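Notes for the structure review
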Amino acid sequence: PWGPGGPCPAAMTPEPVPQLTPWQRVLNHLESKGIPFSTVSSCHIDTRRDILKEVFGCREPLLRAQAEMDWMKNKGNAHGTAPQSCKRSRDGLAPMAPGRAAGVSYIMQR
């Protein structure tokens, strides 16, 4: 692929930069807010989806779905077998036990 001025620019593409997996993007997002995954691993589904929407927006639905599947696979690894640590109420998140408001700290930081 040679052109009049030398090699065609398409032939000189740089090596691909390794991209983060959707799951790594979620973990990086949580880390950037100072939130360990273990504190939000077993939150209500609405909180999980809010976090994933913040990471992927509405332009990457397949990556968001893949990250949600990875979340479900990894939530058991966060505490061994993680119990439900928060519930959704009409006014937002409410902790189920004192000191275990997993999603509330995330929502308050937004």
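This text goes with the structure placed above it.
Residues numbered from 1 in each chain as written. Predicted model: local features only at pLDDT ≥ 70, side-chain atom pairs only at ≥ 80, totals over all residues. Heavy atoms only, no water.

1. Let's talk about the nonpolar core
How we decide: By convention a nonpolar core is built from buried Ala, Val, Leu, Ile, Met, Phe, Trp, Tyr and Cys residues, the set being connected through side-chain atoms within 4.5 Å. Only protein chains enter the accessibility calculation, which uses a 1.4 Å probe; a residue is then buried when its area is under 20% of its type maximum, exposed when over 50%, and partly exposed in between. Helical segments are the DSSP runs of H or I of at least four residues, strand segments are the runs of E of at least two, and each set is numbered from the N terminus.
V26, L30, F37, V40, L52, F56 and W71 are the most contacted members of the largest nonpolar core, which has 13 residues in total. Every element with two or more residues in this core is listed here: α1 (22-32), α2 (37-40), α3 (45-56) and α4 (61-78). Looking at which element gives the most residues to this core, the answer is α3, with four residues.

2. Focus: α1
Applied cut-off: This arc corresponds to the set of directions leading from the helix axis out to the C-beta atoms.
Along α1, the residues classified as buried are P22, W23, V26, H29 and L30. Relative to the axis of α1, the buried residues are bounded by an arc of 125° and lie together on one face. Exposed residues pointing more than 90 degrees away from the buried face of α1 are listed as E31 and S32. Looking at the residues trailing α1, positive phi occurs at G34, about 75°.

3. Some thoughts on the packing of α1 against α4
For clarity, the cut-off: Interaxial angle, 0 to 180 degrees, is taken between N-to-C directions of lines fitted to C-alpha atoms, where a helix line uses only the stretch in contact. An angle below 35 degrees is read as roughly parallel, one above 145 as roughly antiparallel, one from 65 to 115 as roughly perpendicular, and any other as oblique. In this analysis, two residues are considered to be in contact whenever any of their non-hydrogen atoms come within 4.5 Å of each other. Throughout this entry, Asp, Glu, Lys and Arg are counted as charged residues, while Ala, Val, Leu, Ile, Met, Phe, Trp, Tyr, Cys and Pro are counted as nonpolar. The remaining residues, Gly among them, count as polar.
For the pair α1 and α4, interaxial distance at closest approach is 8 Å and the crossing angle is 75°. The angle between the axes of α1 and α4 places the two elements in the roughly perpendicular class. Contact residues: P22, W23, R25 and V26 in α1; L63, Q66, A67, D70, W71 and N74 in α4. Taken together, the residues of the contact of α1 with α4 sort by class into six nonpolar, two polar and two charged.

4. Focus on the environment of R48
Locating R48 in the fold gives a position in helix α3. For R48, a relative accessible area of 7% puts it in the buried group. Once the C-alpha coordinates of R48 and W71 are considered, the two residues, 23 residues apart in sequence, prove to be 8.7 Å apart. The contacts of R48, once residues within four sequence positions are left out, are C43, E68, W71 and M72.

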